[in-house]
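Descriptive structure summary
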There are 2 protein chains.
Amino acid sequence: MAPDLSQLCLHTITTRPWSLEIAIEQISRAGIGGITVWRQALSGRDPAGAGERIRAAGLQVVSLCRGGFFTGLSAAGRQRAINDNLAAIDEAAALGAPLLVLVCGATPGQPLEISRQQIYDGIAAILPHAQACGVRLGIEPLHPMYADTRSAINTLAQATDMAERLGSAQVGVVVDVYHLWWDPHLMFEIERCGRLGRLFAFHICDWQTPTTDLLNDRGLMGEGCIPLAAIRQAVEAAGFDGFHEVEIFSSVYWQMDQTRFLQRIITAYQAYCAPP
Amino acid sequence: MAPDLSQLCLHTITTRPWSLEIAIEQISRAGIGGITVWRQALSGRDPAGAGERIRAAGLQVVSLCRGGFFTGLSAAGRQRAINDNLAAIDEAAALGAPLLVLVCGATPGQPLEISRQQIYDGIAAILPHAQACGVRLGIEPLHPMYADTRSAINTLAQATDMAERLGSAQVGVVVDVYHLWWDPHLMFEIERCGRLGRLFAFHICDWQTPTTDLLNDRGLMGEGCIPLAAIRQAVEAAGFDGFHEVEIFSSVYWQMDQTRFLQRIITAYQAYCAPP
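In this report, we go over the structure that sits alongside the text. (Residues numbered from 1 in each chain as written. Chains lettered and ligands numbered in written order. Predicted model: local features only at pLDDT ≥ 70, side-chain atom pairs only at ≥ 80, totals over all residues. Heavy atoms only, no water.)

Observations concerning the packing of aromatic side chains
Residues and elements named next belong to chain A.
- Throughout the structure, instances matching the rule amount to eleven aromatic pairs over all chains.
- Measuring from ring centre to ring centre gives 6.4 Å for Trp181 and Trp207, while their planes differ by 45 degrees; the resulting arrangement is tilted. Here Trp181, found in the loop between helix 6 (177-180) and helix 7 (186-195), pairs with Trp207, found in the loop between strand 7 (199-204) and helix 8 (228-237); they are 26 residues apart in sequence, far enough to count as distant. (Phe/Tyr/Trp six-rings, centres within 6.5 Å; stacked < 30°, edge-to-face > 60°. Helix = DSSP H or I, 4+ residues; strand = E, 2+ residues; numbered from the N terminus.)

What about the sheet that holds strand 3 (residues 60-68) of chain B?
Residues and elements named next belong to chain B.
- With parallel pairing, the eight strands of this closed barrel are ordered in space as 1-2-3-4-5-6-7-8. For this sheet, the mean angle separating the axes of adjacent strands, direction not counted, is 30 degrees.
- As paired elements, strand 5 (residues 136-139) and strand 6 (residues 171-176) share three bridges and run parallel to each other. Residue pairing across strands places Ile139 opposite Val173, the latter belonging to strand 6.
- This element, helix 1 (residues 20-29), spans strand 1 (8-11) and strand 2 (34-38) of the sheet and lies at about 165 degrees to strand 2. (Pairing = 2+ DSSP bridges. Axes fitted to C-alpha atoms, helices over the stretch in contact; angles between N-to-C directions. Contact = heavy atoms within 4.5 Å.)

Description of the pairing of strand 3 (residues 60-68) of chain A
Residue and element names in this part refer to chain A.
- For strand 3, a buried count of seven out of nine residues is recorded, marking the element as mostly surrounded by other parts of the structure.
- Relative to strand 4 (residues 99-103), strand 3 runs parallel, the two being bridged by four bridges. Its bridge partner lying in strand 4, Leu64 is registered against Leu100.
- Following the chain from strand 3 across helix 3 (residues 75-95) to the adjacent parallel strand 4, one finds a crossover that is right-handed. (Buried < 20%, exposed > 50% of the residue type's maximum accessible area, 1.4 Å probe, protein only. Right-handed = clockwise from strand over helix to strand, strands pointing away.)

A word on the sheet that holds strand 8 (residues 244-246) of chain A
Residue and element names in this part refer to chain A.
- Strand order around the closed barrel formed by eight strands is 1-2-3-4-5-6-7-8, with parallel pairing between neighbours. Mean inter-strand twist for the sheet, computed between neighbouring axes without regard to direction, equals 30 degrees.
- With five bridges joining them, strand 2 (residues 34-38) and strand 3 adopt parallel strand pairing. Among the inter-strand pairings, Trp38 is bridged to a residue of strand 3, identified as Cys65.
- Running over the sheet, helix 3 touches strand 2, strand 3, strand 4 and strand 5 (136-139) and is turned about 175 degrees from strand 3.
- Relative to the sheet, helix 8 contacts strand 7 and strand 8, its axis offset from that of strand 7 by approximately 170 degrees.

Some remarks on the packing of helix 4 (residues 112-133) of chain A against helix 5 (residues 156-166) of chain A
Residue and element names in this part refer to chain A.
- At a minimum axis separation of 11 Å, helix 4 and helix 5 run at an interaxial angle of 45 degrees. In terms of their interaxial angle, helix 4 and helix 5 are classed as oblique. Taken as a pair, helix 4 and helix 5 cross one another with a handedness that is right-handed. Together, Arg116, Gln117, Ile119, Tyr120, Ile123, Ala124 and Leu127 of helix 4 and Gln158, Met162, Arg165 and Leu166 of helix 5 make up the contact between the two elements.
- Partitioning the contact of helix 4 with helix 5 into residue classes produces seven nonpolar, two polar and two charged. (Parallel < 35°, antiparallel > 145°, perpendicular 65-115°, else oblique. Left-handed = near helix turned anticlockwise from the far one by under 90°. Nonpolar A, V, L, I, M, F, W, Y, C, P; charged D, E, K, R; others polar.)

A word on the interface of chain A and chain B
- Between chain A and chain B, the residue contacts involve 24 residues of the former and 24 residues of the latter.
- If you look at where chain A meets chain B, you find zero salt bridges.
- At the junction of chain A with chain B, the criterion picks out six residue pairs in polar contact (both at pLDDT 80 or more).
- Taken together, the residues of the side of chain A that touches chain B sort by class into eleven nonpolar, ten polar and three charged. (Salt bridge = Lys/Arg side-chain N within 4 Å of Asp/Glu carboxyl O. Polar contact = N/O pair within 3.5 Å; in protein donor to acceptor, adjacent residues only side chain to side chain.)

Given below as structure tokens:
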């Protein structure tokens, strides 16, 4: 019997060397259920056409990655970010992606508290358009090692709190094990996030020892120290029944034959992400 | 008028190319008040003699770095770690160091909760000897990017809580801006740590953008995004009046002429660590 990969989803960035068209074909052929599209994979393409192609291949569009980066020293720069996020919402709607993932931003040289307020203001500014388009917004807390330039939202508690403050059912949280596994409050916060109806997405990969690059040295599930099965169990206990999205940035794996890499992803998913 | 560097302290690791003897001479000549000795700098030396030499040069021994690494898969391995920490306490006492800094450890392949319990057990096991020797123990929470192999204690709240649970005035916390600057609860936790009498030491450097190496790419004060003056003000408001310890691991600075590097440290300290 073929393995059930209906809950598995691949981010286009994971197999970055593939064009969107090849990724759709390969992912579909492997029996994987979903795809999360990175905006650069849409470059030069019509999002609506891309969405049709994905659905015609039997795949679900899980989300569009990524909006965000709301912070900045100047009001003009922050307005440009808002405009870009409005465009991203349009792309998500055209693509048929129900969720836009937000990497919220941070600006070195201004206090994190200021960045956090700018993030709040930015999401509040795009929220009406997201509601009008039926696109949900997912705040992704990033690992504290990205607090300088990528996100001033670094814990699940912060992300859930911000979604709650924004006060719309359209805004929730993206749980990525790479960013959050170390958090002593992780299990409690997963339960709280789910109970509040804010747990919108679940990203998986692994933390390698040693990690030789802050950005592009993520591991395949099982290659590192993240207790994946336990975290999957926790998000499911919190009511999450969506996709398990494989998001791996890896200079090593991007150099590998991507068809073989995809097979390794599937094997690793089945071995290490199953509930204990 | 010569600048007042009486509250400044240098870690021997910061100017790693220097032998302990040269470091003592140079630090003393620069008018710096204190030195924190790393155990490898004592290699082949009598700790008591090293302590006498430091005091004869007019310097204070601020602490000994570092004990810890209490975690492990086997009971025998954990007992070896305890034995090594007992030896480190003896070294600290002989050197005349009032504080032993603890990098607590983490073991990939076992849950962080297990590592945390082993850390607690390890400190509890060495505490009577530390009390008998008059050496304080400082739990240093490490940045979450070190949660795989270096420490399962990754926030100031965790470190303070563990010191409180251990229930001895001999156990406190080391606040290092590099590890903690991103924490949304940092200012609250500094106040709490100080109020509980647990704030034993204060380490400074900076977080560079980009950071190209997870271990040895720390910046000089002012080169990065850490709000140093604000954090110094917070630790002082919390009652801390001890040394400002410069602890920089940097492949770049270790290759530089160390006398010139020391001058840059002093200039950076005066420019960026002054209260606002």
